[in-house]
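Fold and contact review
Take a look at the letters that make up each chain.
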Amino acid sequence: MNGIATPIVAASPASSADSLRPRRSVSVVMVVYMTGEALEQSLACVLADPLVDELVVVDNGSAPVQLERLRALAAQDGRVVLVTGHGNVGFAKGANLGARTAKGDHLVFLNPDAFLQPGCVAALVREIDGQPTPSIVGGRVLNPDRTEQRGARRGEITPISALLSLSGLAKAVPAWGRFEVHWEQDALPDQVAPAPTISGACFCMRRADFDAVGGFDEGYFLHVEDVDLCWRVREAGGKVLFHPKAEVVHIGGTSQTSPLKVEFHKGVGLARYFRKRAGANLSGHLAALVLGPVVIAAAVARPLMRRLKKR
């Protein structure tokens with residue numbers, strides 16, 4: 001069962017809905033593609049939270065057995081809305097489809113192999129309501145052993161910082177340490193803190209904010225769309241925040257998609273993001289064009305190196 005331990009599932013109920021009243025409605029949006037058995041526990045955690053008014057599951061492609069289970073769940077629980085039949089349109093397009101379908105004033109985007117912990121949704125919603133428009137609040141993404149997951153909070157992602165981080169040189173060379181984009185080894189803040197980039201595995205936005213920035217850029221197929229969204233929120237004068245107490249356990253690696261294919265899409269997404277950020281800046285655009293293939297190669301090399309080490 002994908003190595004999922006029972007303690008991952010929230011054992012105690014989340015904060016009562018009364019603690020947030022008066023409040024607006026909350027919709028969880030989940031994009032599913034060949035997730036495997038982790039999906040059932042993820043759905044159970046969402047539906048156990050009394051703050052969740054609606055769960056929109058966008059099925060980009062599931063095995064027939066899993067699809068039937070999703071249909072049965074939607075028929076059994078009126079909070080579940082299943083969107084299917086559109087094929088594998090990618091994460092960004094699927095998430096936007098889910099957001100358009102959702103009726104909630106607050107949107108919580110959650111990976112299908114991530115497990116909400118008690119109080120996570122409450123913490124995200126409380127925090128987003130006091131922030132300027134547009135804003136985004138990301139949760140603390142944990143590994144099954146409760147250590148913070150890589151990518152949960154990240155620094156400014158540029159061609160140079162991405163290349164040095166992917167290659168490991170940002171950690172190996174002290175003088176280049178400022179280019180390290182992964183902050184999971186840094187001290188955990190006591191309260192909500194700004195971060196240039198948070199993880200797309202679990203975050204919250206007000207619907208109005210999500211619509212104001214145009215949702216996810218559908219030019220990304222898989223990965224980097226969360227980086228792009230955080231950048232556009234900041235460019236619009238809003239805030240990107242990391243919430244240390246809004247916890248979610250993320251399994252990762254449960255999809256049946258090839259790791260090589262996933263990393264390739266990540267590299268292609270980064271190259272596109274760099275070109276987009278450069279805009280009309282000629283030197284930045286040239287740097288993006290030159291470093292783009294290098295970043296793609298570095299991303300693809302990671303699963304290949306892991307495979308070689310196993311051998």
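This text goes with the structure placed above it.
Below: a short report on this structure. (Residues numbered from 1 in each chain as written. Predicted model: local features only at pLDDT ≥ 70, side-chain atom pairs only at ≥ 80, totals over all residues. Heavy atoms only, no water.)

**Let's talk about the pattern of salt bridges**
Overall, the coordinates contain 15 salt bridges when judged by the stated rule. Salt-bridge contacts for Arg71 lead to Glu68; the nearest nitrogen and oxygen are separated by 2.9 Å. Residue Arg71 and its partner Glu68 are located together in helix α2 (residues 64-76), separated by three residues, close to a single helical turn. Note on Arg71: relative accessible area 40%, which makes it partly exposed. The partly exposed category is assigned to Glu68, whose relative accessible area is 46%. Put simply, Arg234 and Glu156 hold a salt bridge, and the shortest N to O gap is 3.1 Å. (Salt bridge = Lys/Arg side-chain N within 4 Å of Asp/Glu carboxyl O. Helix = DSSP H or I, 4+ residues; strand = E, 2+ residues; numbered from the N terminus. Buried < 20%, exposed > 50% of the residue type's maximum accessible area, 1.4 Å probe, protein only.)

**Here's the deal with the packing of aromatic side chains**
The description of an aromatic ring pair rests on the distance of the ring centres and on the angle between the ring planes. Overall, the coordinates contain eight aromatic pairs when judged by the stated rule. For the pair Phe203 and Phe216, a centre-to-centre distance of 6.1 Å together with 80 degrees between the ring planes defines the contact as edge-to-face. With Phe203 in strand β10 (residues 202-206) and Phe216 in the loop between α7 (207-212) and α8 (225-235), this residue pair connects regions lying 13 residues apart in the sequence. A residue is classified by how much of its surface remains accessible, and Phe216, at 3% relative accessible area, is buried. Taken together, the ring pairs connect Phe91, Phe109, Phe203, Phe210 and Phe216 into an aromatic cluster. (Phe/Tyr/Trp six-rings, centres within 6.5 Å; stacked < 30°, edge-to-face > 60°.)

**Describing the nonpolar core**
In this structure, Met30, Leu43, Val46, Leu55, Leu110 and Leu116 are the most contacted members of the largest nonpolar core, which totals 41 residues. Looking at this core element by element, the count peaks at seven residues for helix α4 (residues 120-129). Setting aside anything within four residues of it in sequence, one finds Met30 in contact with Leu39, Ser42, Leu43, Val46, Leu55, Val56, Val57, Val58, Leu110, Asn111 and Pro112. Within the second largest apolar cluster, 25 residues are counted, among which are Val56, Phe210, Leu229 and Val240. (Core = buried A, V, L, I, M, F, W, Y, C linked by side-chain atoms within 4.5 Å. Contact = heavy atoms within 4.5 Å.)

**Structural notes on helix α1 (residues 38-47)**
In an α-helix, one turn spans 3.6 residues, which is why side chains three or four residues apart end up on the same side. The buried fraction of α1 amounts to eight of the 10 residues, a majority that puts the element mostly inside the structure. Ala38, Leu39, Gln41, Ser42, Leu43, Cys45, Val46 and Leu47 are the residues of α1 that are buried. Buried positions along α1 lie against β1 (26-33), β2 (54-61), α2, β3 (80-83), β4 (106-110) and β5 (114-116).

**Some remarks on unusual backbone geometry**
A negative phi holds for most residues other than glycine; trans holds for most peptide bonds. Cis geometry is adopted by the peptide bond preceding Pro134, which originates at Thr133 and carries an omega value of -5 degrees. Although it is not a glycine, His223 sits at a positive phi angle of roughly 80 degrees. Here His223 falls in the partly exposed class, since its relative accessible area comes to 28%.

**Some words on the environment of Ala122**
As for its placement among the helices and strands, Ala122 is situated in helix α4. For the pair Ala122 and Val52, spaced 70 residues apart in sequence, the C-alpha to C-alpha distance is 9.4 Å.

**A look at a nonpolar patch on the surface**
On the surface, a nonpolar cluster with roughly 300 Å² of combined accessible area is contributed by Leu282, Leu286 and Leu289. With respect to the helices, strands and loops of the structure, Leu282 is situated in helix α10 (residues 282-310). For Leu282, a relative accessible area of 62% puts it in the exposed group. (Patch = residues over 30% accessible without salt bridge, like charges linked within 9 Å, V, L, I, M, F, W, Y side chains within 5 Å. Areas by Shrake-Rupley, 256 points an atom, 1.4 Å probe, with all protein chains shown as cover.)

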